[in-house]
Structures are given as structure tokens and as C-alpha cells.
Amino acid sequence: MAKYKLRLEARELRKTGLSIKELCEKLDVSKSTMSNWCSDVELTKQQRAKLEKRRQDAGFIGRMKGSETNHKKRMERIEYFQDKGKKELSSLDKKGRLIAAVALYWAEGTKKRGKLSLTNSDPTMIKFFADCLVDSFDIHK
């Protein structure tokens, strides 16, 4: 199809309310060329509103995809560092385990009425702390 006829077709389709991107895909023309060809085509208020709504919806979908991707990456990082931490804790000697238990108590432990307690919801962490007390201070469960 001659460029002139392609241009006329593009302008007619633009008048129906198609977006520049849709026209580019339909007619296989670059965005800059299509924009030049259709720059003076006036759209109705309804057509502009429809295109704006689609643009906003596409933006929302893009933000949601980005959010899901970021969440997935964050969860993968958390899992990676948790696994790495577990491996490193398991390789500690008795002194290293005691130091880790002291740091854990410092961060999440309390003393009330002569009792030692640890406030943590991770059962693995609580077991680690209890095992360290047993190993280091000869405290029985």
C-alpha cells in the first residue's frame, strides 16, 4: 500500500478513537510517523476519556505487576538469608553459639521477677536459645 493511502487509512482509524499504539500495530508504522500523520486529528471528548481510562488501567496493572515482582524478590531474599543464617548457626562452636544466644537475649530477652524469658515467635529460634542455655550453663530443660 502506498504511504499516502496508508496515511489516509491511519487518519480515518484515528478518528474512530484508536490509540497511536494500536494504529502502529495495525498498520506496521513507527510511532513517530504515526504521531506525525495523526497529530491534527481531533478526538471527541468520549474518545479521549476512553483512551485516558485505558492508560490509567494499564498503569495500575503495571504497578501491580511491579509490586508482585518486588514482593517475590523480597521473599526470595528473605528465604536465602534465613537458609544462610541457619547454615552458619549450625557450624558455630560452643563459644560462638553462646555469643549468638547472648545477642539474641539482648535483642529479645527480658528479666522479670528473677525469670529469664525470650520473646520470639519462631520456634527454631526459641529451641536454639534453650539449647544454648542447656549447653552453656548446664541448665536442664
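Check the entry above for the structure.
All values derive from a computational prediction rather than experimental measurement. (Residues numbered from 1 in each chain as written. Predicted model: local features only at pLDDT ≥ 70, side-chain atom pairs only at ≥ 80, totals over all residues. Heavy atoms only, no water.)

1. Regarding the nonpolar core
Okay, so step 1: In this structure, Leu-6, Ala-10, Leu-13, Ile-20, Leu-23, Cys-24, Leu-27, Val-29, Met-34, Trp-37, Cys-38 and Val-41 together form the largest nonpolar core, which totals twelve residues.
Okay, so step 2: For this core, the secondary-structure elements that each account for two or more residues are helix H1 (3–15), helix H2 (20–27) and helix H3 (31–38).
Okay, so step 3: With four residues, the single largest contributor to this core is H2.
Okay, so step 4: Counting residues in hydrophobic clusters, the runner-up holds seven residues, among them Leu-104, Phe-128, Cys-132 and Leu-133. (Core = buried A, V, L, I, M, F, W, Y, C linked by side-chain atoms within 4.5 Å. Buried < 20%, exposed > 50% of the residue type's maximum accessible area, 1.4 Å probe, protein only. Helix = DSSP H or I, 4+ residues; strand = E, 2+ residues; numbered from the N terminus.)

2. Remarks on the packing of H1 against H3
Okay, so step 1: Between H1 and H3, the least distance of the axes is 9 Å, while the angle of their chain directions is 70 degrees. It follows that H1 is roughly perpendicular to H3 by the angle criterion. Contact with H1, carried on its side by Lys-3, Leu-6, Arg-7, Ala-10, Arg-11 and Arg-14, involves Met-34, Trp-37 and Cys-38 of H3 and no other residues of that element.
Okay, so step 2: A per-class count over the contact of H1 with H3 returns five nonpolar, no polar and four charged. (Axes fitted to C-alpha atoms, helices over the stretch in contact; angles between N-to-C directions. Parallel < 35°, antiparallel > 145°, perpendicular 65-115°, else oblique. Contact = heavy atoms within 4.5 Å. Nonpolar A, V, L, I, M, F, W, Y, C, P; charged D, E, K, R; others polar.)

3. A look at H3
Okay, so step 1: Within the span of H3, buried status applies to Met-34, Trp-37 and Cys-38. Take H3 and look down its axis: the buried residues cluster within an arc of 80 degrees, on one side only.
Okay, so step 2: Here the buried face of H3 lies against H1 and H2. (Arc of directions from axis to C-beta.)

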